[in-house]
Amino acid sequence: MTMDFSKNAEERPEPSKADVKGNIPRWLQGTLLRNGPGIFSVGDTSYDHWFDGMAIMHSFNFKDGEVTHRSRFLRSDTYKANMAANRIVVSEMGTMAYPDPSKNFIFKAITFLNHTVPDFTDNGASNFMKYGNDYFATSETNYIRKIDPVTLETQDKVDYLKYLPVNLASSHPHYDKEGNAYNMGTSIAEKGKTKYLLFKVPAVAEKDKGKNVPVLKNAEVVCSIPCRSLLTPSYYHSFGMTDNYFVFIEQPLKLDILKMATAYMRGVNWASCMKYCPDESTLIHLIDRRTGKEVETKYYTGSMVVYHHVNAYEDDGHVVFDVIAYKDKGLYDMFFLSKLNTNTHDDAYSKPGYKRFVLPIHSDKGIAVGEDLVKLKYTTASAVKEKEGKLLCQAEVLCEGFELPRINYDFNGKKHRFVYGSGVEDSALSQMVAKLDTETKERVYWSEDNCWPSEPVFIPRPNGESEDDGVVLATVVNPGKPGFIVVLDGRTFKEVGRAYINAELQNGVHGFFIPQGN
């Protein structure tokens, strides 16, 4: 049976016990949250792009070998406005919403003005994040929505702009051992400058415990990076962090702000205002976390498009970082619903590469032009000195056809060996999950006929003996049948159990695991 990507989901807010087959480890205690688009049509109107669909949240609670599922739509302002009007009235990146033709001129004029200086959607359908003790559904706009991680009820709407000058923000923050969160946002034409801001959201302070203090009130800017062009900032989806450095890729995939301001008038969506400049280089910014300043050495590489960082770590005077890279921006176009529902192979598919870059932290002025400064023996990545003193970085490609990477997060910022992800050899739509050994370059897979597994999430076993000692969780869509969540052994990648849900599941985007007690 083929997948209908535009089928509206049904929420099931009441907890329902899943039917467990096999053995789910009793040490696995906590809740996997998953987020993604779930409503694609309202009344007579439909979204054009899969990412635009209104969010549905799923929770899978693991306790004593049993699994309980529930799901809810995110009750965002976007959801409420669309449902009240019985049509899509809030624009998304790939779908421009136009007023009901029966509306009067004044209503249409107001709609036009709202799109010239857009107030973005709060449809947080991409991921979940934790700031302080609170959990949020997020996309990449200036709005995030607080949620109850147990009941999935929608709570406060939070605007970054009330606390930080960011118009857009990543949905992939990083966390340190103290509970501080670090994220990136883009500040567009603020005081005549466009810049990228790295900011820190501190863990809840002792003095604020038990108080209703806005979680972003104590947010602080760690670093500001000027954009290389005022009105065409780079698009990014994630960044890297080590113990002492941040890694930010300023890639030649750009948002044209002036075109976005006129998109509604021109009858095009905002996504069409994203341009890829293949003749431009990709700048690699290495920021010292201790000083909040970029290091003196300048790094760059050829043009590429990166959505997901895998990990970054320090090794003997180098920063090593791994990313999933594409040669063009075609991935976004493949998720237009008109393409997804054809269920045919797309000849334009650009298979991603798992790339490893190495940045020598210090570039001695005595080193000759043309010399490779990378001294690590286990990688073929290079960083060659050029006349201006900049380093031209060339990556080692560890494999191809691998996306949605996840690691044991205890190794975030540390040297890792194993990565879990989706196998996307032939299509951006994964029908298998994979484990990659970055040392041997070997991959092992899990798949099942007519099944579509989600991004895999690794959960370490408490006091585990090795990096891959734990389990991998992936929700699985089986069109026309109840979905299930599969539990794989992190070391062998063999199935140890699964839990059938009394409902159809949907393809999601990202997941977040909350250990019991958090």
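In this text the structure is predicted, and so the values were computed from the model without any measurement.

What follows covers the pairing of strand 25 (residues 318-326). For a regular strand, the rule is simple: side chains alternate between the two faces of the sheet. The element strand 25 is largely enclosed, with a buried count of nine among its nine residues. Residues His318, Val320, Asp322, Ile324 and Tyr326 point to one face of strand 25 and Val319, Phe321, Val323 and Ala325 to the other, with burial holding for every one of them. Counting the residues that bridge the hairpin from strand 24 (residues 305-315) to strand 25 gives two residues, and of these Asp316 lies at a positive phi of roughly 50°. Inspection of the sheet shows strand 25 paired to strand 26 (residues 353-360) by eight bridges, in the antiparallel sense. Each bridged residue has a counterpart across the sheet, and for Ile324 the counterpart in strand 26 is Tyr354.

On to the sheet that holds strand 39 (residues 510-515), then. Taken in spatial order, the five strands of this open sheet run 1-7-6-3-39, and their pairing is antiparallel. The open sheet is flanked by strand 1 (16-17) and strand 39, the only strands paired with a single partner. Sheet topology places strand 1 next to strand 7 (residues 66-73); two bridges connect them, and they run antiparallel. When the bridges of strand 7 are listed, Lys17 appears paired with Thr68.

All right, on to empty space enclosed by the protein then. Applying the stated criterion to the full structure yields five cavities of 30 Å³ or more. There is about 1,200 Å³ of room inside the largest cavity. When residues of the lining of the largest cavity are traced back to their parent elements, those giving at least two are strand 12 (168-169), strand 24, helix 4 (330-333) and strand 30 (402-406). Along the walls of the second largest cavity sit Arg34, Asn35, Gly36, Pro37, Ile56, His58, Phe60, Thr475, Leu505, Gln506, Asn507 and Gly508, which together make up its complete lining. Broken down by secondary-structure element, the contributors of at least two residues to the lining of the second largest cavity are strand 3 (30-39) and strand 6 (54-63). Counting residues per element, the lining of the second largest cavity draws most heavily on strand 3, which supplies four residues. Of the residues belonging to the lining of the second largest cavity, the class tally is four nonpolar, seven polar and one charged.

Atom-level detail of predicted coordinates should not be read off regions where pLDDT is low. Confidence in the prediction for the protein chain averages 93 pLDDT; 95% of positions are at 70 or higher. Under a pLDDT of 50 for its full length, residues 105-113 has, in the predicted model, nine contacts with residues more than four places off or in other chains.

Let us now look at the sheet that holds strand 8 (residues 127-131). Strand order in the open sheet formed by four strands is 8-9-10-11, with antiparallel pairing between adjacent strands. Each having just a single partner strand, strand 8 and strand 11 (154-159) make up the two edges of the open sheet. Direction aside, the axes of adjacent strands within the sheet are offset by 35° on average. Strand direction decides the pairing type here: strand 9 (residues 134-138) and strand 10 (residues 143-147), joined by four bridges, are antiparallel. Each bridged residue has a counterpart across the sheet, and for Tyr135 the counterpart in strand 10 is Ile147.

For the structure on display, the rule yields 28 aromatic pairs. A ring pair is formed by Trp50 and Phe51, whose centres lie 5.6 Å apart and whose planes are at 55°; its orientation type is tilted. The class for Trp50 is buried, based on a relative accessible area of 6%. Judged by relative accessible area, Phe51 falls into the partly exposed class, the value being 38%. These aromatic residues form a ring-pair network of at least three members: Trp50, Phe51, Tyr332, Phe335 and Phe336. Residue placement shows Arg498 over the ring face of Phe484; its charged tip is 4.2 Å from the ring centre.

Here the focus is the nonpolar core. Counting residues in hydrophobic clusters, the biggest one holds 60 residues, and the most contacted among them are Phe62, Tyr354 and Leu473. Top contributing element to this core by residue count: helix 3 (residues 257-266), with four residues. Other than its neighbours up to four places away in sequence, Phe62 contacts Ile24, Leu28, Gln29, Gly30, Leu32, Val67, Leu473, Ile485, Val487 and Phe513. The next biggest cluster of nonpolar side chains, apart from the first, holds 27 residues, and it includes Ile249, Phe321, Leu373 and Val374.

Turning to its location among the elements, His58 is positioned in strand 6. On the basis of relative accessible area, His58 is assigned to the buried category, the value being 7%. Side chain to side chain, His58 and Gln506 meet in a polar contact 2.8 Å long. Discounting residues that sit within four places of it in the chain, His58 has contacts with Leu32, Leu33, Arg34, His69, Arg70, Ser71, Leu152, Leu505 and Gln506.

Looking now at the pattern of salt bridges. With the rule as written, the count across this model stands at 27 salt bridges. In this structure, the salt-bridge partner of Arg145 is Asp122, at a minimum N-O distance of 2.8 Å. Here the residue Arg145 occupies a position in strand 10, and Asp122 occupies one in the loop between helix 2 (105-116) and strand 8, the gap between them amounting to 23 residues. Classification of Arg145 by relative accessible area gives buried; the value is 4%.

The rules behind each value
- Residues numbered from 1 in each chain as written.
- Predicted model: local features only at pLDDT ≥ 70, side-chain atom pairs only at ≥ 80, totals over all residues.
- Heavy atoms only, no water.
- Buried < 20%, exposed > 50% of the residue type's maximum accessible area, 1.4 Å probe, protein only.
- Helix = DSSP H or I, 4+ residues; strand = E, 2+ residues; numbered from the N terminus.
- Pairing = 2+ DSSP bridges.
- 1 Å grid on protein atoms, 1.4 Å probe; cavity = no way out; pocket = protein on both sides within 12 Å on 5 of 7 lines; lining within 4 Å.
- Points joined across faces, edges and corners; volume = space filled by probe spheres on them.
- Nonpolar A, V, L, I, M, F, W, Y, C, P; charged D, E, K, R; others polar.
- pLDDT = per-residue confidence, 0-100.
- Contact = heavy atoms within 4.5 Å.
- Axes fitted to C-alpha atoms, helices over the stretch in contact; angles between N-to-C directions.
- Phe/Tyr/Trp six-rings, centres within 6.5 Å; stacked < 30°, edge-to-face > 60°.
- Lys NZ or Arg CZ within 6 Å of the ring centre and 35° of its normal.
- Core = buried A, V, L, I, M, F, W, Y, C linked by side-chain atoms within 4.5 Å.
- Polar contact = N/O pair within 3.5 Å; in protein donor to acceptor, adjacent residues only side chain to side chain.
- Salt bridge = Lys/Arg side-chain N within 4 Å of Asp/Glu carboxyl O.

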